[in-house]
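Overview (structure and organization)
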Amino acid sequence: WQMPSSLNFHQFLVRIGKFGSSAVIETDKPSDVHKLTTAFAVFNYRLEPVLDVADAVAAESEAIAWRDSTAA
């Protein structure tokens with residue numbers, strides 16, 4: 001098995017004082033994250049997708065403008 005090349009691991013972190021870890025992974029192919037978690041299904045995963053603040057603000061601004069344009 002090969003790690004999908006689309007997955008860029010920025011950080012791999014361990015929780016202090018208890019068992020468990022976290023990883024910060026970047027990808028433009030979410031199906032490869034699914035492939036990774038399937039290959040290692042013995043572990044438990046919790047995925048929290050996030051956006052860069054600038055990308056989030058741009059999306060929110062577009063959505064708010066559309067919403068405001070439909071107001072009666």
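Use the structure listed above.
Summarised in this report is the structure supplied together with it.

Cut-offs and rules
Residues numbered from 1 in each chain as written. Predicted model: local features only at pLDDT ≥ 70, side-chain atom pairs only at ≥ 80, totals over all residues. Heavy atoms only, no water. Helix = DSSP H or I, 4+ residues; strand = E, 2+ residues; numbered from the N terminus. Contact = heavy atoms within 4.5 Å. Expected span 1.5 Å × (residues − 1). Polar contact = N/O pair within 3.5 Å; in protein donor to acceptor, adjacent residues only side chain to side chain. Pairing = 2+ DSSP bridges.

Looking now at the environment of Asn 8. Secondary-structure assignment places Asn 8 in strand 1 (residues 8-14). C-alpha separation for the pair Asn 8 and Val 24, spaced 16 residues apart in sequence, amounts to 8.4 Å. Filtering out sequence-adjacent residues up to four positions away, Asn 8 remains in contact with Val 24, Ile 25 and Glu 26.

In this section: helix 2 (residues 53-69). The end-to-end C-alpha distance of helix 2 is 24 Å, a good match for the 24 Å that 17 residues give at a rise of 1.5 Å each. Where helix 2 begins, the capping side chain belongs to Asp 52, and its oxygen is found 3.0 Å from the backbone nitrogen of Ala 54.

Turning our eyes to something else, we now look at the pairing of strand 1. Inspection of the sheet shows strand 1 paired to strand 2 (residues 21-26) by six bridges, in the antiparallel sense. Paired with Val 14 across the bridge in strand 2 is Ser 21. In this structure, the hairpin formed by strand 1 and strand 2 is closed by a connection of six residues, where Gly 17 is found at a positive phi of approximately 85°.

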